[in-house]
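Take a look at the letters that make up each chain.
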Amino acid sequence: MKVWFITGASRGFGALMTKEALAAGDAVIATARNAKTIIEQFGDHPNLLAVALDVTNETQAKEAAAAGIARFSRIDVLANNAGYGLLGAVEEATAEEIEKIYATNVFGLLKVTRAVLPYMRRQRSGHILNFSSIGGYFGYPGWGVYGSTKFAVEGLSESMAAELEPLGIKVTIVEPGFFRTDFLADSSLAISPASIADYEGTPAGNMRSFAADAHHAQPGNPAKLAAGIMTMVDSANPPLRMPFGSDTVAMIEAQHASVEKELADWRELAVSTDFESHATAGV
């Protein structure tokens, strides 16, 4: 039996992972800002501990981890799933909006991870799932600030994977594409109210209407992603990156091709900046 610690467990991917883990006979420390919403969904399950957690509150994060250990004695899987989106051109986002989304998507993830890692280090085992997005691999117009939080998650996760591997702890970056959740609803998506006229008709401006039209018309099946997470976690050698969705796979392939072409086009100038002996050896 695995013990899961899941943030944002009251809806979306978090609720679906909680459902899958309980069905598999695992235990779940399910967290949300309002723990009652978790009980309302899953009832008084013997393998479920519902805990109130605002991921931006470091004290709450430590208390939630300690409560989980007190109940189940260990934490095997940490799913850092809590987060939300921000739609609007980078210039349109206010300082307050930027700081708020970083507080949840980046600093909140760090606070929860730091709260759980001491127990995983003591166990010399564990698996951290950091939820990113295809927007953390490719910069979409209109999603620049949100995407930058996910780029941060990707960079942190790569370093953590190297740091924690000697301690028996694995790290996987989960990269969903567009899935049919409530991510594009008001409850999960903030839209910058400051709309600059110059962006109207550009990719950044058009993204506002695209997001409204795409809500609940996304290609990805959230239940299949949750089941896929279970399969991935059960594998002996889970990946550093786990993309989900055909749109994600296509975008990653296109991004790789673009980077490879640009590197080839500019390789000569790139390597020319070394000292002469190194530049010659590099070519």
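From a predicted model like this one, the values you see are computed outputs, not experimental measurements.

Rules of the game
- Residues numbered from 1 in each chain as written.
- Predicted model: local features only at pLDDT ≥ 70, side-chain atom pairs only at ≥ 80, totals over all residues.
- Heavy atoms only, no water.
- Helix = DSSP H or I, 4+ residues; strand = E, 2+ residues; numbered from the N terminus.
- Rg over C-alpha atoms; globule rule 2.2 N^0.38 Å.
- Buried < 20%, exposed > 50% of the residue type's maximum accessible area, 1.4 Å probe, protein only.
- Areas by Shrake-Rupley, 256 points an atom, 1.4 Å probe, with all protein chains shown as cover.
- Lys, Arg positive; Asp, Glu negative; His and termini not counted.
- Charge placed at Lys NZ, Arg CZ, Asp CG, Glu CD.
- Salt bridge = Lys/Arg side-chain N within 4 Å of Asp/Glu carboxyl O.
- Axes fitted to C-alpha atoms, helices over the stretch in contact; angles between N-to-C directions.
- Left-handed = near helix turned anticlockwise from the far one by under 90°.
- Contact = heavy atoms within 4.5 Å.
- Nonpolar A, V, L, I, M, F, W, Y, C, P; charged D, E, K, R; others polar.
- Pairing = 2+ DSSP bridges.
- Parallel < 35°, antiparallel > 145°, perpendicular 65-115°, else oblique.
- Expected span 1.5 Å × (residues − 1).
- Bend = angle between axes of the 7 residues up to and from the residue.

Trainee: Teacher, can you tell me more about the overall build of the protein chain here?
Mentor: When helices and strands are tallied, the protein chain shows nine helices and nine strands. Computed over the C-alpha atoms, the radius of gyration of the protein chain is 20 Å, within 12% of the 19 Å expected from 2.2 N^0.38 for a compact globule of 283 residues. Along the first, second and third principal axes, the C-alpha set of the protein chain runs to 60 × 50 × 35 Å. The buried share among the 283 residues of the protein chain stands at 45%. Within the structure as shown, the protein chain displays about 14,000 Å² of accessible surface, and the carbon and sulfur contribution to it stands at 56%. If you average the places of the 22 positive and of the 32 negative side-chain charges in the protein chain, the two averages end up 11 Å apart.

Trainee: How do you make sense of the pattern of salt bridges when you look at a structure like this?
Mentor: On inspection of all chains with the given rule, the structure shows eight salt bridges. Among the ionic pairs, Arg241 bridges to Glu154, the shortest N-O distance being 2.9 Å. With Arg241 in strand β9 (residues 241-244) and Glu154 in helix α5 (residues 144-164), this pair connects stretches of sequence that are 87 residues apart. Exposure remark for Glu154: the relative accessible area of 3% places this residue in the buried category. In this structure, the salt-bridge partner of Arg241 is Glu158, at a minimum N-O distance of 2.6 Å. Placement of Arg241 in strand β9 and of Glu158 in helix α5 is noted, with a sequence separation of 83 residues between them.

Trainee: How should I be thinking about the packing of helix α3 (residues 58-72) against helix α4 (residues 95-123) in this particular structure?
Mentor: Axis angle and axis distance: for two packed helices, these are the angle between their axes and the distance between the axes, and together they describe the pair. Between α3 and α4, the shortest axis-to-axis distance is 7 Å and the interhelical angle comes to 30°. Here α3 and α4 pass one another in a crossing that is right-handed. For the pair formed by α3 and α4, the contact residues are Glu58, Ala61, Lys62, Ala65, Ala66 and Ile69 on the first element and Lys111, Val112, Arg114, Ala115, Val116, Tyr119 and Arg122 on the second. Here the contact of α3 with α4 is composed, by residue class, of eight nonpolar, no polar and five charged.

Trainee: Looking at this structure, I do not really get the sheet that holds strand β6 (residues 126-131). What am I missing?
Mentor: Pairing between the strands of a sheet is mediated by backbone hydrogen bonds and can be parallel or antiparallel. Spatially, the seven strands line up as an open sheet ordered β3-β2-β1-β4-β6-β7-β9, and their pairing is parallel. The outermost strands of the open sheet, each flanked by one partner alone, are β3 (48-52) and β9. With strand direction ignored, the average angle separating the axes of adjacent strands in the sheet is 15°. Inspection of the sheet shows strand β4 (residues 77-80) paired to β6 by four bridges, in the parallel sense. Within β6, the residue paired with Val77 across the bridge is His127.

Trainee: Please clarify how the packing of helix α1 (residues 12-23) against helix α7 (residues 222-234) should be interpreted in this entry.
Mentor: Packing of α1 against α7 brings their axes to within 9 Å, and their N-to-C directions diverge by 55°. When the interaxial angle is binned, α1 and α7 end up oblique. Crossing hand, α1 versus α7: right-handed. Residue-level contacts link Phe13, Leu16, Met17, Glu20 and Ala21 of α1 to Pro222, Ala223, Leu225, Ala226, Ala227, Ile229 and Met230 of α7.

Trainee: Got a minute to help me understand the side chain of Ser192 in this structure?
Mentor: Its place among the elements puts Ser192 in the loop between β8 (189-191) and α6 (203-214). Among the residues examined, Ser192 registers a relative accessible area of 1% and is labelled buried. Contact partners of Ser192, with chain neighbours within four places excluded, come to Leu86, Leu87, Gly88, Glu92, Ala93, Glu97 and Arg208.

Trainee: Which parts of the structure should I look at to understand the environment of Ile38?
Mentor: By secondary structure assignment, the location of Ile38 is in helix α2 (residues 36-42). Sequence separation of Ile38 and Ala82 is 44 residues, and the distance between their C-alpha atoms is 14 Å. Those residues in contact with Ile38, other than ones at most four positions away along the chain, are Ala9, Ser10, Ala30, Thr31, Ala32, Gly43, Leu48 and Ala50.

Trainee: Just checking my understanding: could you explain helix α8 (residues 246-271) for this structure?
Mentor: Since the α-helix packs 3.6 residues into each turn, any two residues three or four apart lie on the same face. Helix length check: α8 (26 residues) gives 35 Å between terminal C-alpha atoms against 38 Å at 1.5 Å per residue, within 8%. Residue Asp265 marks the point of greatest curvature in α8, where the axis turns by about 55°. Those residues of α8 that sit buried are Thr248, Ile252 and Val271.

Remember that the coordinates give geometry; whether it matters functionally is a separate question.
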